[in-house]
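Tertiary structure, described
Chain residues, written in single-letter form:
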Amino acid sequence: MTPPRRNPKRAKGKTYDVDEPPEQPPKLVYRKSRTRIWMILIFVGIVGILSVLLFITLNPPEVDIIEQYDVAKLEYFVWTEENYDNDRTKVSISNYSMIVNVTTRYDNKVDGGLIKGFYDEILGKIVGYQRILWLNRTVDLDKDGKDDYTDYDAKSYGFPEDGELFNKTIVISYRILAIQKSSISLEEL
C-alpha cells in the first residue's frame, strides 16, 4: 500500500488515513430565539418602574408647612444692619427655641404676632428650613400696616415702642425647628 499523499496547503505533519472519513461539521440544533421574551420582560420592567415613579410623584408624602395660626418653634437672631456688618456678636434679639403663633402683629384676633416681613417669610416653609433675611427700615406710627413714608407694607419694626429696632434695617437669621398644626379655623376666630 502506498502512503497517502499530502496536500501542501494543509498543515504539515497532519496525515489522513484513507479509510477514515473526514470530520463532519457538528449538526446544527434548532433553538428558539429568546429575543422576543427578553424584549417583553424589559418593556414590562420599564412600565413597572415608571408606574411606581408616577404614583410617588402624584401622591407625595405629606409634609407639614407653616400656615397662618400654626404654632412654630423657631431659632432666630435679629441684628440691626450696622451690628451685622460691623460686629455680629452684638445680637439685638436671640431666641434659641422660641415657640410662636404664626400671625402678624396687625392681626387683631390674636395677641402678639410676628413682624410682617418675618411672618410673610416663614409662611409655606417646612421643618429644617433656614435662611438669612434682610428687611428694610419702616416707620408705621399710625399702625395701619403701611410704611408712613413710602406707602409700602411695613415689614420691619416700625412702632416707636420697638426701641433700638425702630426705623432700622434689620437682619434675621432663622431656622424652623418644629411645626404644630393649628386646630383653629378662620371661622372660629
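Parameters and conventions
- Residues numbered from 1 in each chain as written.
- Predicted model: local features only at pLDDT ≥ 70, side-chain atom pairs only at ≥ 80, totals over all residues.
- Heavy atoms only, no water.
- Helix = DSSP H or I, 4+ residues; strand = E, 2+ residues; numbered from the N terminus.
- Buried < 20%, exposed > 50% of the residue type's maximum accessible area, 1.4 Å probe, protein only.
- Contact = heavy atoms within 4.5 Å.
- pLDDT = per-residue confidence, 0-100.
- Core = buried A, V, L, I, M, F, W, Y, C linked by side-chain atoms within 4.5 Å.
- Pairing = 2+ DSSP bridges.
- Phe/Tyr/Trp six-rings, centres within 6.5 Å; stacked < 30°, edge-to-face > 60°.
- Salt bridge = Lys/Arg side-chain N within 4 Å of Asp/Glu carboxyl O.
- Axes fitted to C-alpha atoms, helices over the stretch in contact; angles between N-to-C directions.
- Patch = residues over 30% accessible without salt bridge, like charges linked within 9 Å, V, L, I, M, F, W, Y side chains within 5 Å.
- Areas by Shrake-Rupley, 256 points an atom, 1.4 Å probe, with all protein chains shown as cover.
- Lys, Arg positive; Asp, Glu negative; His and termini not counted.
- Charge placed at Lys NZ, Arg CZ, Asp CG, Glu CD.

1. What to know about the overall build of the chain
A tally of helices and strands in the chain yields 3 helices and 4 strands. For the chain, the α and β elements follow one another from N to C terminus as α-β-α-β-α-β-β. Buried positions account for 26% of the 189 residues belonging to the chain. Sequence separation of at least 24 residues holds for 63% of the intrachain contacts in the chain that already meet a minimum separation of 6.

2. Describing the confidence of the model for the chain
Confidence along the chain averages 82 in pLDDT terms, with 85% of residues attaining 70 or more. Looking at the elements of the chain, mean pLDDT is at its lowest for strand β2 (residues 93-101), recorded as 79, and at its highest for helix α1 (residues 35-58), recorded as 93. Across residues 185-189, where pLDDT falls below 50, the model places 6 contacts with residues more than four positions away in sequence or in other chains.

3. What about the nonpolar core?
The biggest cluster of nonpolar side chains holds 21 residues, and the ones touching the most others in it are Leu74, Phe118, Ile122, Ile170 and Ile172. Secondary structure elements with two or more residues in this core: β1 (71-80), α3 (116-122), β3 (130-135) and β4 (170-180). At 5 residues, β4 tops the list of elements feeding residues into this core. For Ile172, the contacting residues outside a window of four places in its chain are Tyr76, Phe77, Val78, Ile115, Phe118, Arg131, Ile132, Leu133 and Leu135.

4. Some words on the pairing of β4
Looking at chain direction, β1 and β4 are connected through 10 bridges and run antiparallel. Across the sheet, Tyr76 pairs through a bridge with Tyr174, a residue of β4. Relative to β4, β3 runs antiparallel, the two being bridged by 6 bridges. Its bridge partner lying in β4, Arg131 is registered against Tyr174.

5. Let's talk about the packing of aromatic side chains
Working definition: an aromatic ring pair is given by the centre-to-centre distance plus the angle between the planes. Summed over the entire model, instances satisfying the criterion amount to 7 aromatic pairs. Look at Phe118 and Tyr174: their rings are 5.3 Å apart centre to centre, the planes differ by 70°, and that puts the pair in the edge-to-face class. You can see Phe118 sitting in helix α3 and its partner Tyr174 sitting in strand β4, a full 56 residues away along the chain. Overall, the relative accessible area of 3% leaves Phe118 in the buried class.

6. Remarks on the pattern of salt bridges
Across all of its chains, the model carries 8 salt bridges by this definition. A salt bridge links Arg175 to Glu75; its shortest N-O distance comes to 3.4 Å. Linking Arg175 in strand β4 with Glu75 in strand β1, this pair joins segments that are 100 residues apart in sequence. In this structure, Asp120 and Lys116 form a salt bridge, with 3.0 Å as the shortest nitrogen-oxygen distance.

7. Topic: the sheet that holds β2
If you walk across this open sheet you meet the 4 strands as β2-β1-β4-β3, and the pairing is antiparallel. The open sheet has two edge strands, β2 and β3, and neither has a second partner. Taking each pair of neighbouring strands and ignoring which way they run, the sheet shows an average axis angle of 30°.

8. Re a negative patch on the surface
Residues Asp142, Asp144, Asp148 and Asp151 make up a contiguous surface patch of negative charge. Mapping Asp144 onto the fold places it in the loop between β3 and β4.

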